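Descriptive structure summary
Here's the letter readout for the chains.
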Amino acid sequence: MTYLQSNPKISELYQYICVVAPFGTLLDNNITTTKFLLANGYPQGPMPRQKVPAWRPVACKGSSKLILSIKEQISTMQYDNSNTPDAGEISGSIICKAELDGCPDVQLILSVPSGYSPLDNFVIHSCVTSADTNPIMMQGPGISMATPMLSRKFRFSPLLEQFTVCSYTLSDLTFLPIRGFYQMKGDRVLKLLLQLKLDQNVKNSFEKCEIHLPFYHRGPIEKVDNVSPSSVQLSLSPDKYKLIWNIGQKFPTKSLELFLQASVHFNEVIPPLPEGFVEDSFCVGLNSYAEVHFKLSDYTCSGCNIDNKSISLFPPAKYKLIMSRECQSDVYKIWNSHGDVECTFPPPKKA
C-alpha cells in the first residue's frame, strides 16, 4: 500500500490545491465552488452568453429553487423604574440559498408596516448590485398589502452557497414582545412574584417559551413551595442554581397574562461551587433578574417581510420559492424591582 492510499486526505488536499491554485497562483478559495468542481468537473460546452460572476463560476443541476429566510434576535433590559428607561434592540438578517439554473440576478422588496419603526444600520453583501438607500412607500400594481408598507428594493447575483444578503438592526422599538414585572425579597428564604404580559401585536404561538430564574451567591436550591398557580410547570436546573418555568406554546388567549408566585428555600451552609460554575459578581443580595427564552416561527418583531410577488429573476426563469421567518430572544432580562440593575444611559439626543 502506498503512502497516498494509506492517507486519503493527502490525496484530497493535492486535488484541492490543483483547483484553487494551479501552477501556484491562487484563483478561487471558495470551498463550496471547489468541492463542486472536484465532484462534477469543469463545465463543458461553449462559453455562456450571460456574464458569469466570479463567485458563481458553476451552475446548479436539478430543479431550480430559491430559499429566503428572515431571522431576527431581540435583546431587552426591563427595569420597572421610572428613572431607568427600558432598553431593547432587534438584530436581523436576510439569508439566501439560490439553486438556480444559470446565473440570474434576483430582485426582491423588503417591507415593514408603516406603523413600525424603520430598519437601520444595514450591512449589505458585496454581491448586491443595487439597493434603496432609504425606505419608500410601496405602491403600484401587483403589490398586495392590507396596510401601507415602507419598502427597500434589493438586486443581487446570488452565491452558490448560503449567504447573508443583508443584516440590519432596530433600536427604536415600538413595543416589546413580552413585558415583565419581577419582585424578589428575602435571604435564605426568597419570596418571588413574576408577572408577564404578551403584547397584542405578537403571534401567540411559540415554538418554545421558558423563563429562567437564576440565584447566585446563595448555594443550591433546597426546595420550592407555595407555588401559585398550581398549574405552573416549574422545575430545577441540574445544578439546582436556577428555577425554570416552562410556559409552553401559548399565553392565555383572553388576558395574554401569566404570573408566578413561589417561595424558594436555600441551605444555611453554602457548599463549594460545582466545577466550572461561574457566579455573576453583580447579582448579590437583591440584585437579580428573570431571563426569557422564546422562539417564534413565521413572525418577526420588526414587522420585516418579503412580499413573494415582488421577487423577480433576470432573465426570467421558473423556480420553486421557499420562504420562512423566525424571531427568538437573545439577552432578554427582567430585573428585580427591589434591587440594583446593570444599565448604561445613552447620550442625550440633540434638540
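Before reading on, note that the structure itself is shown above.
Sequence positions are assigned chain by chain, starting from 1 and proceeding in written order. It should be noted that, the model being predicted, local features are given only for residues of pLDDT at least 70 and side-chain atom pairs only at 80 or more, the latter also being counted only at that level, while totals for whole chains, interfaces and linings use all residues. Hydrogens and water are ignored here; the side-chain numbers use all heavy atoms of the structure.

**As for the sheet that holds strand β8 (residues 163-170)**
The criterion, for reference: Note on pairing: DSSP must find at least two bridges between two strands before they are called paired. Note on conventions: DSSP H or I runs of at least 4 residues are helices, E runs of at least 2 residues are strands, and numbering of each starts at the N terminus. Only C-alpha atoms enter the line fits that serve as axes; for helices the fit covers just the stretch in contact. Angles between N-to-C directions range over 0 to 180 degrees.
Spatial ordering of the open sheet is given by β4-β8-β2-β1-β19-β16-β11-β14-β13, a layout of nine strands whose pairing is mixed. At either end of the open sheet lies a strand with only one pairing partner, and these are β4 (120-124) and β13 (233-236). This sheet shows a mean twist of 15 degrees between the axes of neighbouring strands, independent of strand direction. Bridge count between strand β16 (residues 289-297) and strand β19 (residues 320-335): six bridges; the pairing is antiparallel.

**Digging into the packing of aromatic side chains**
The geometry of an aromatic ring pair is captured by two quantities: the separation of the ring centres and the angle between the planes. Put simply, the test is: Any two rings among Phe, Tyr and Trp, with Trp reduced to its six-membered ring, count as a pair given centres within 6.5 Å; such a pair is stacked if its planes are under 30 degrees apart, edge-to-face if over 60, and tilted if neither. Each residue is assigned to one of three classes by its accessible area relative to the maximum for its type, calculated with a 1.4 Å probe on protein chains only: buried under 20%, partly exposed between the two thresholds, exposed over 50%. Placement of a charge over a ring requires the Lys NZ or Arg CZ to be within 6 Å of the ring centre, with the centre-to-atom vector within 35 degrees of the ring normal.
If you walk through the whole model with that rule in mind, you get 11 aromatic pairs. Taking the centre distance of 5.8 Å and the plane angle of 70 degrees together, the rings of F215 and F266 count as edge-to-face. With a gap of 51 residues between them, F215 in the loop between β11 (206-214) and β12 (221-228) and F266 in strand β15 (residues 257-266) connect regions that are remote in the sequence. You can call F266 buried: its relative accessible area is 4%. In textbook terms, an aromatic cluster arises when at least three aromatic residues are bridged by ring pairs, as seen for F206, F251, F294 and Y332. Sitting above the plane of the F314 ring, R155 keeps its charged end 4.2 Å from the centroid. One Lys or Arg, K333, reaches over the ring of Y289 and ends 4.2 Å from the middle of that ring.

**Details of the pairing of strand β7 (residues 149-156)**
Pairing analysis gives eight bridges linking strand β3 (residues 105-113) to β7, with the strands arranged antiparallel. Among the inter-strand pairings, P113 is bridged to a residue of β7, identified as M149. Where strand β6 (residues 136-137) and β7 come together, two bridges link them in antiparallel fashion. Within β7, the position partnered with I136 by the bridge is S151.

**Digging into unusual backbone geometry**
Here the amide bond leading from S228 into P229 is cis, since omega sits at -5 degrees, within 30 degrees of zero. Across the junction of F314 and P315, the peptide omega takes the value 0 degrees, indicating a cis bond. Looking at the secondary structure, you find P315 in the loop between β18 (312-314) and β19.

**Focus: the pairing of strand β9 (residues 178-186)**
In this sheet, strand β10 (residues 189-198) lies alongside β9 in antiparallel orientation, the contact comprising nine bridges. Pairing of K185 across the sheet is with K191, part of β10. Counted between consecutive antiparallel strands, the loop separating β9 from β10 contains two residues.

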